[in-house]
Amino acid sequence: MSLYYDLTPTGIPGLDEVLGGGLIKGRTYLISGETGTGKTLLSLSFLINGIFRYGEPGIYVSVDETYDQLMNGVRRFGWDLETLREQGYLEVLIPEMDIIEKIREKDPMTIAKSLVYTIADYAKSLEAQRLVIDPIAPLVTLEKDVQILREYIRALVMGIEREVGVTTIITTEIPTGGARVISRYGGVEEFLAAGVFITGLAQTTEGDFKRYLFIRKMRWQAVQPTILEVEIQPKTGIMIKGPLKDVHIPFYALML
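**Student:** Would you take a moment to explain the overall build of the protein for this structure?
**Tutor:** A count of helical and extended segments in the protein gives 9 helices and 12 strands. Here the protein, with 256 residues, has 51% of them falling under the buried criterion. For the protein, the proportion of contacts with a sequence separation of at least 24, taken over those separated by at least 6, is 69%. Approximately 12500 Å² of the protein is accessible, and the part contributed by carbon and sulfur atoms is 52%.

And the structure:
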């Protein structure tokens, strides 16, 4: 349990007990996983529980989906984000589609600062205390772009913590095909994050598959690396059922 930091409870059933109360307020946390393992639902659960359980407004930055795609998806899941927006509890930001070319053509520090100031303005107007960026960078990266992206991500994450001050979750995708990494951009996301969560599917000794959440890193909190069983429930989101044992998870997730 953290004795020296204010904590932001996730509100996700079963998770805060494991974390000793929640996430360190004002810090950034990374959720990493392959496609379809629950990263977006986990981050949205963090936002929605913050609103309903703690009265904390939030901001969701949707990078991979349009506004209509996002709203149609969450509506089918049983969440009404549009009403939360109308009530002033939530803002959904969709970055410009030409952001990739802007990052390539301009100084990444300039682009990152612009995004930070935009988020800060919305956070101030909403009195937001939670932020999700899903995912952190909307790029199919060529090798020549990697260093530029690292600078961009570093400036963005550090700028949000310094200028906005909200508790932030960012997501990133693990490349499929047995990659031995847990983030797409050379580890800069996991290095900057105060905590790292990995989502995935694990096969039990009986041959069944279960969803898991692996708590891989929690800086300044006495939380041991733990594999938890995850359940997805409509209208509720992510729930933690308890420790998950006798399973095999990919090698990259265990590299500490």
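Further notes follow.
**Student:** Please explain the pairing of strand β9 (residues 209–218) as it appears in this structure.
**Tutor:** Every other side chain in a regular strand lies on the same face of the sheet, so the side chains alternate between the two faces. Buried residues dominate β9, accounting for 7 of its 10 residues. Where strand β8 (residues 195–204) and β9 come together, 9 bridges link them in antiparallel fashion. Residue Thr-199 lies in a different strand from β9, and its bridge partner there is Leu-213. Count of turn residues in the β8/β9 antiparallel hairpin: 4 residues, of which Gly-207 carries a positive phi of about 95 degrees. By the bridge criterion, 5 bridges tie β9 to strand β10 (residues 226–233) in an arrangement that is antiparallel. Across the sheet, the residue bridging to Tyr-212 is Glu-229, located in β10.

**Student:** In this structure, what is going on with empty space enclosed by the protein? I would like to understand it.
**Tutor:** Vacant regions in the atomic arrangement are exposed by a probe of water-molecule size rolled over the atoms. Per the stated rule, a full pass over the model turns up 3 cavities of 30 Å³ or more. Taken as a whole, the largest cavity holds about 60 Å³ of empty space. When grouped by side-chain class, the residues that make up the lining of the largest cavity number 9 nonpolar, 1 polar and no charged.

**Student:** What's the story with unusual backbone geometry in this structure? I'm lost.
**Tutor:** A negative phi holds for most residues other than glycine; trans holds for most peptide bonds. Following Asp-134, the chain continues into Pro-135 via a peptide bond in cis, with omega recorded as -5 degrees. Looking at the secondary structure, you find Pro-135 in the loop between β6 (130–134) and α7 (146–163). Positive phi outside glycine occurs at Lys-235, with the angle close to 70 degrees. Relative to the elements of secondary structure, Lys-235 occurs in the loop between β10 and β11 (237–243). On the basis of relative accessible area, Lys-235 is assigned to the exposed category, the value being 65%.

**Student:** What's the story with the pattern of salt bridges in this structure? I'm lost.
**Tutor:** A side chain of one charge can pair with a side chain of the opposite charge if their charged atoms are brought near each other. According to the stated counting rule, one finds 8 salt bridges in the structure shown. Across the salt bridge formed by Arg-85 and Glu-91, the nearest N and O atoms sit 2.6 Å from each other. Note that Lys-241 is salt-bridged to Glu-231, the shortest N-O span being 3.5 Å. Taken together, the residues Lys-241 in strand β11 and Glu-231 in strand β10 connect sequence positions 10 residues apart.

**Student:** When you look at the side chain of Glu-91 in this model, what are you seeing that I'm missing?
**Tutor:** Locating Glu-91 in the fold gives a position in strand β5 (residues 90–93). What makes Glu-91 buried here is its relative accessible area of 13%. Polar contacts involving the side chain of Glu-91 include one to the side chain of Arg-85, which spans 2.6 Å. In contact with Glu-91, other than residues within four places in its own chain, are Gly-58, Ile-59, Tyr-60, Arg-85, Tyr-122 and Leu-126.

**Student:** Explain helix α6 (residues 108–126) to me, please; I cannot follow it from the model alone.
**Tutor:** An α-helix turns once every 3.6 residues. As a result, residues three or four positions apart point the same way. Here α6 contains 19 residues, and its C-alpha end-to-end distance of 27 Å stays within 8% of the 27 Å for a straight helix at 1.5 Å per residue. Positive backbone phi, approximately 60 degrees, marks Glu-127, located one or two places after α6.

Here is what the cut-offs are and how they apply
- Residues numbered from 1 in each chain as written.
- Predicted model: local features only at pLDDT ≥ 70, side-chain atom pairs only at ≥ 80, totals over all residues.
- Heavy atoms only, no water.
- Helix = DSSP H or I, 4+ residues; strand = E, 2+ residues; numbered from the N terminus.
- Buried < 20%, exposed > 50% of the residue type's maximum accessible area, 1.4 Å probe, protein only.
- Contact = heavy atoms within 4.5 Å.
- Areas by Shrake-Rupley, 256 points an atom, 1.4 Å probe, with all protein chains shown as cover.
- Pairing = 2+ DSSP bridges.
- 1 Å grid on protein atoms, 1.4 Å probe; cavity = no way out; pocket = protein on both sides within 12 Å on 5 of 7 lines; lining within 4 Å.
- Points joined across faces, edges and corners; volume = space filled by probe spheres on them.
- Nonpolar A, V, L, I, M, F, W, Y, C, P; charged D, E, K, R; others polar.
- Salt bridge = Lys/Arg side-chain N within 4 Å of Asp/Glu carboxyl O.
- Polar contact = N/O pair within 3.5 Å; in protein donor to acceptor, adjacent residues only side chain to side chain.
- Expected span 1.5 Å × (residues − 1).

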